[in-house]
Amino acid sequence: MRTLLLLLSLFAAASFAQSPHPLVPPAPPIAARSFLLLDYHSQQTLAGKTPDERIEPASLTKLMTAYLTFAALKQKQIQLTQNVPVSERAWKAEGSRMFIEPKRAVTVEELMRGMIVQSGNDACIALAELIAGSEETFAQKMNAHAQQLGMKNSNFMNSTGLPNPQHYSTAQDLALLAIAIIRDFPEYHPLYAMKEYRYNNITQANRNRLLWSDPTVDGMKTGYTENAGYCLITSAKRGERRLISVVVGTASESARATESQKLLNYGFQYYDSVKLYEKSQAVTSLPIWKGASNSVKAGFLNDLYVSLPKGQADKMKANLESRQPLLAPVAAGQKIGVIKLTLDGKPYAELPVVALEDVALAGILGRGWDSIRLLFK
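Residues numbered from 1 in each chain as written. Predicted model: local features only at pLDDT ≥ 70, side-chain atom pairs only at ≥ 80, totals over all residues. Heavy atoms only, no water.

Draft legend 1. Examining the packing of helix H2 (residues 62-74) against helix H7 (residues 171-184) more closely. Viewed as axis vectors pointing N to C, H2 and H7 meet at an angle of 25 degrees, and their least axial separation amounts to 10 Å. The angle between H2 and H7 places the two elements in the roughly parallel class. Handedness of the H2/H7 crossing: left-handed. Taking contact as the criterion, the partners of Leu63, Met64, Tyr67, Phe70 and Lys74 in H2 are, on H7, Leu177, Ala178, Ala180, Ile181 and Asp184. Residues that form the contact of H2 with H7 fall into these classes: eight nonpolar, no polar and two charged. (Axes fitted to C-alpha atoms, helices over the stretch in contact; angles between N-to-C directions. Helix = DSSP H or I, 4+ residues; strand = E, 2+ residues; numbered from the N terminus. Parallel < 35°, antiparallel > 145°, perpendicular 65-115°, else oblique. Left-handed = near helix turned anticlockwise from the far one by under 90°. Contact = heavy atoms within 4.5 Å. Nonpolar A, V, L, I, M, F, W, Y, C, P; charged D, E, K, R; others polar.)

In structure tokens form, the structure reads like this:
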């Protein structure tokens, strides 16, 4: 978890040019209260409107319920084949349901499919009670994980997304959550591409219409309440590129699909994802003073991608800047410099560069000798 928090903080320190490149036309008009289009790898915003505006997330909430469920499976707190007791509260859940019953055995795996494909509120409550004992305690866990994932403007009061004045999120936060599910639990992401699921002799179709109309779409979640309007978070992969779109507050089921498709087509048509550096690849070695070593390898903790206007990669240039003198001790993951990217001679992005190794303090003699040398620099 410390590594995840470090990666999030470093990404937050990255900055990208906000004005659109002259070779890229503006995004098409999107009939939604709020929307966002992100590149999965670079996490750069390709298009958006009020992405930090507080919204009612409705059933988009279930992405966080799923994230905690996947985490509990990974930590072996629960098992896919485990039978789950169905409380009266879960059984009588209002809204969309998968129709579980108190006297009918249901497994964790069945509940996951009911939650993801059928958007079952009853499935969410049953999973929440299994993992945390009660839905209220589960909501506390949801908020703790939201903070760990960098979702700064979200607060969850339940596992389902049923309306509550203190239950809110943003398009930006929900996009980060979608990215986190795909990144942290790739083995469960294919569940979001299921077109239908049958349980208790009732077959229900996935409400994400794009699963039928666009073969590159493989998720993720629909949502609706009267206040939220029709909402959709979409993941799509074409070739090696993956985009995440969020639309909130559209007028109908068809509108949320149409507006999401417009965003995805725009992003794939006008942008490329370019991999600049491999994870833990030494970009350079920087001199270090008063250390057990005279230099420290510098690079990135994760593969580094940037999103560029299509066909412009050869016009990208990188310049590394570091604060000198760099003094020991230095810890792996510590920011020690910045790479400034220019595109066609204009500033495009600034990305933090970190130490790829620890450098301890030198002995007394080594520190003393470097202190003398620094006097003459």
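Draft legend 2. Main features of the state of the cysteines. Taken as a whole, this structure holds zero disulfides when the rule is applied. Not engaged in a disulfide, the cysteine cysteine 231 finds its nearest cysteine sulfur in cysteine 124; these two sulfurs lie 16 Å apart. For cysteine 231, a relative accessible area of 0% translates into the label buried. (Disulfide = S-S within 2.5 Å. Buried < 20%, exposed > 50% of the residue type's maximum accessible area, 1.4 Å probe, protein only.)

Draft legend 3. Local environment of helix H6 (residues 135-148). Look at H6: 20 Å from first C-alpha to last across 14 residues, which is about the 20 Å you get at 1.5 Å a residue. Regarding H6, the residues found buried are Glu135, Phe138, Ala139, Met142, Asn143, His145 and Ala146. The buried residues of H6 occupy an angular sector of 165 degrees when projected down its axis, which confines them to one face. Tucked into the core, H6 has its buried residues touching H2, helix H3 (88-91) and helix H5 (121-132). Within two residues after H6, glycine 150 carries a phi angle of roughly 85 degrees, on the positive side. (Expected span 1.5 Å × (residues − 1). Arc of directions from axis to C-beta.)

Draft legend 4. The sheet that holds strand S6 (residues 217-225), seen in detail. The strand order across the open sheet built from five strands is S3-S2-S8-S7-S6, with neighbouring strands paired in antiparallel fashion. Strands at the two margins of the open sheet, each flanked by one partner only, are strand S3 (45-49) and S6. Put simply, the sheet's adjacent strands are angled 5 degrees from each other on average, direction ignored. (Pairing = 2+ DSSP bridges.)

Draft legend 5. A look at the pattern of salt bridges. Evaluation of the coordinates by the stated rule reveals 14 salt bridges. Of the charged contacts in the structure, one is a salt bridge between arginine 113 and glutamate 109, with a shortest N-O distance of 3.3 Å. One end of the pair is arginine 113 and the other is glutamate 109, both in helix H4 (residues 108-116) and four residues apart, which spans about a single turn. With a shortest N-O distance of 2.9 Å, aspartate 218 and arginine 242 are connected by a salt bridge. (Salt bridge = Lys/Arg side-chain N within 4 Å of Asp/Glu carboxyl O.)

Draft legend 6. Structural context of unusual backbone geometry. In this model, glycine 219 is joined to methionine 220 through a cis peptide bond whose omega is 10 degrees. Inspection of the secondary structure assignment puts methionine 220 in strand S6. In this structure, proline 329 follows alanine 328 across a cis peptide bond, with omega equal to 0 degrees. If you trace the backbone, proline 329 turns up in the loop between strand S13 (316-322) and strand S14 (335-343). For lysine 76, which is not glycine, the phi torsion reads 60 degrees and is therefore positive. Turning to its location among the elements, lysine 76 is positioned in the loop between H2 and H3. Residues other than glycine seldom take positive phi values, yet phenylalanine 99 does so here, at roughly 70 degrees. By the secondary structure assignment, phenylalanine 99 is in the loop between H3 and H4.

Any functional reading would require information beyond the geometric quantities listed.
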